[in-house]
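# Residue-level structure breakdown
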Amino acid sequence: MKSSTRELSKIEFIDFHTHKQIALPKTLSVISIELADLKNLVLKNSDYRFFSVGLHPWRLPANTNNLEKDLETLRQALQTSEVIAIGEVGLDRLLGPDMEIQKLYFTGALKLAKELNKTLIVHCVRCYPELLSMKKQFAPDVNMLVHAYNGKIEILKQLLKQDCYVSFAAAAPRRDDICGYIRQKPDCLQHVCLETDDSDVNIKDIFKHASQVFEMDISELKRIMKTNFISLFQDFNNV
Ligand SMILES: [Zn+2]
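The text that follows walks through the structure, step by step, so that each part is easy to find. (Residues numbered from 1 in each chain as written. Predicted model: local features only at pLDDT ≥ 70, side-chain atom pairs only at ≥ 80, totals over all residues.)

When helices and strands are tallied, the chain shows 7 helices and 8 strands. The C-alpha radius of gyration of the chain comes to 17 Å, within 12% of the 18 Å expected for a compact globule of 239 residues. Viewed in the frame of its principal axes, the chain has a C-alpha envelope of about 50 × 45 × 30 Å. Classification of the 239 residues of the chain by burial places 38% in the buried group. (Helix = DSSP H or I, 4+ residues; strand = E, 2+ residues; numbered from the N terminus. Rg over C-alpha atoms; globule rule 2.2 N^0.38 Å. Buried ≥ 20, exposed ≤ 12 C-beta atoms within 10 Å, placed from the backbone.)

Attention now goes to the pairing of strand 5 (residues 119-125). Among the 7 residues of strand 5, 6 are classified as buried, and the element is accordingly described as predominantly covered. One ladder, built from 7 bridges, connects strand 4 (residues 83-92) with strand 5; its direction is parallel. Opposite Asp-92, over in strand 5, you have Val-125 as the bridge partner. In this view, the connection linking strand 4 to its parallel neighbour strand 5 by way of helix 2 (residues 99-116) has right-handed handedness. Pairing between strand 5 and strand 6 (residues 144-146): 3 bridges, direction parallel. Opposite Val-122, over in strand 6, you have Val-146 as the bridge partner. In this view, the connection linking strand 5 to its parallel neighbour strand 6 by way of helix 3 (residues 128-138) has right-handed handedness. (Pairing = 2+ DSSP bridges. Right-handed = clockwise from strand over helix to strand, strands pointing away.)

Below, the discussion takes up helix 3. Turning to helix 3, its buried residues number three or more, namely Tyr-128, Leu-131 and Lys-135. Down the axis of helix 3, the smallest arc covering the buried residues is 60 degrees, so these residues share one side. Seen from the buried face of helix 3, the exposed residues on the opposite side, beyond 90 degrees, are Pro-129, Ser-133, Lys-136 and Gln-137. (Arc of directions from axis to C-beta.)

Attention shifts here to the environment of Glu-68. Mapped onto the fold, Glu-68 is located in helix 1 (residues 67-78). Given 10 C-beta atoms within 10 Å, Glu-68 falls into the exposed group. Here the alpha-carbon distance between Glu-68 and Val-201, two residues 133 residues apart in the chain, equals 37 Å.

Residues Tyr-165 and Ser-167 line one face of strand 7 (residues 165-168) and the alternating positions Val-166 and Phe-168 line the opposite face, and both faces are buried. In this structure, strand 6 lies alongside strand 7, joined through 2 bridges in parallel fashion. From the neighbouring strand, Leu-145 faces strand 7, where its bridge partner is Tyr-165. Considered for its hand, the β-α-β crossover made up of strand 6, helix 4 (residues 153-161) and strand 7 is right-handed. Sheet analysis places strand 7 next to strand 8 (residues 192-194), joined by 3 bridges and oriented parallel.

Our focus in this paragraph is unusual backbone geometry. A cis geometry characterises the amide bond from Gly-87 onward to Glu-88, with omega recorded as 0 degrees. Within the secondary structure, Glu-88 sits in strand 4. Its identity as a non-glycine residue notwithstanding, Glu-215 has a phi of 55 degrees, on the positive side. Assignment of secondary structure puts Glu-215 in the loop between helix 6 (203-213) and helix 7 (218-232).

The next subject is the nonpolar core. If you look at the biggest cluster of nonpolar residues, it comprises 65 residues, and the most contacted ones within it are Ile-86, Leu-120, Leu-145 and Val-166. With sequence-adjacent residues up to four places away left out, Leu-120 is seen in contact with Ala-85, Ile-86, Gly-87, Val-89, Ala-109, Ala-113, Val-142, Met-144 and Leu-145. (Core = buried A, V, L, I, M, F, W, Y, C linked by C-beta atoms within 7 Å. Contact = placed C-beta atoms within 7 Å.)

This next bit is on helix 2. Over its 18 residues, helix 2 extends 25 Å from the first C-alpha to the last, a length consistent with the 26 Å expected when each residue adds 1.5 Å. Every buried residue of helix 2 is accounted for by Gln-102, Tyr-105, Phe-106, Gly-108, Ala-109, Leu-110, Leu-112 and Ala-113. The secondary structure elements touched by the buried residues of helix 2 are strand 3 (49-54), helix 1, strand 4, strand 5 and helix 3. In the segment just after helix 2, Asn-117 is the residue with positive phi, at about 55 degrees. (Expected span 1.5 Å × (residues − 1).)

Written out as structure tokens, the structure reads:
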């Protein structure tokens, strides 16, 4: 019989978004898989590995001919128990196909997140007003994690105010404005996560650096990250 609570007590570090499939000791990872790559993979999760599957805006087609088919394939992938989130999906002003195409795919992902009660892991470049208004319109109550956040402090405040989660890779904890804001308002860490994305940085080092610049004990940071993981991926116990 499946235990009702996974052994998060054995976990020290959580990598909320990574493209690496390697397992590290005492580290829980949410591994991002592109839908098109899924057919070549066998996903096997464990207490330490979970998956998100999505359609990255950079890899979207230049037309909408396969939109319905792609979204149906995504829906099927999300119904496999190894997948706890939709991602990466999102909007990118600088790369990828026309914004109208990106918006149609992102709308589809939002609707699936709502229907299947999945968290969204979002890539967003210079499209924050669109991101927030589309979330409000199509899936106001879903959990959204804006990954590798390194934008303006004002937008960070807006995202947190709207109950979005943001995830910092190596860059944001090196920003004086972001670190200063967190030291001033440590409660906002309840919506902040940490990740390695596609870098070679170790998640341990990101935790260590973040605890220094946020001026907090690393054990407290680890505790907050576990709490955030549980609230973001509420059904992780059922996978
Ligand atoms: Zn990524």
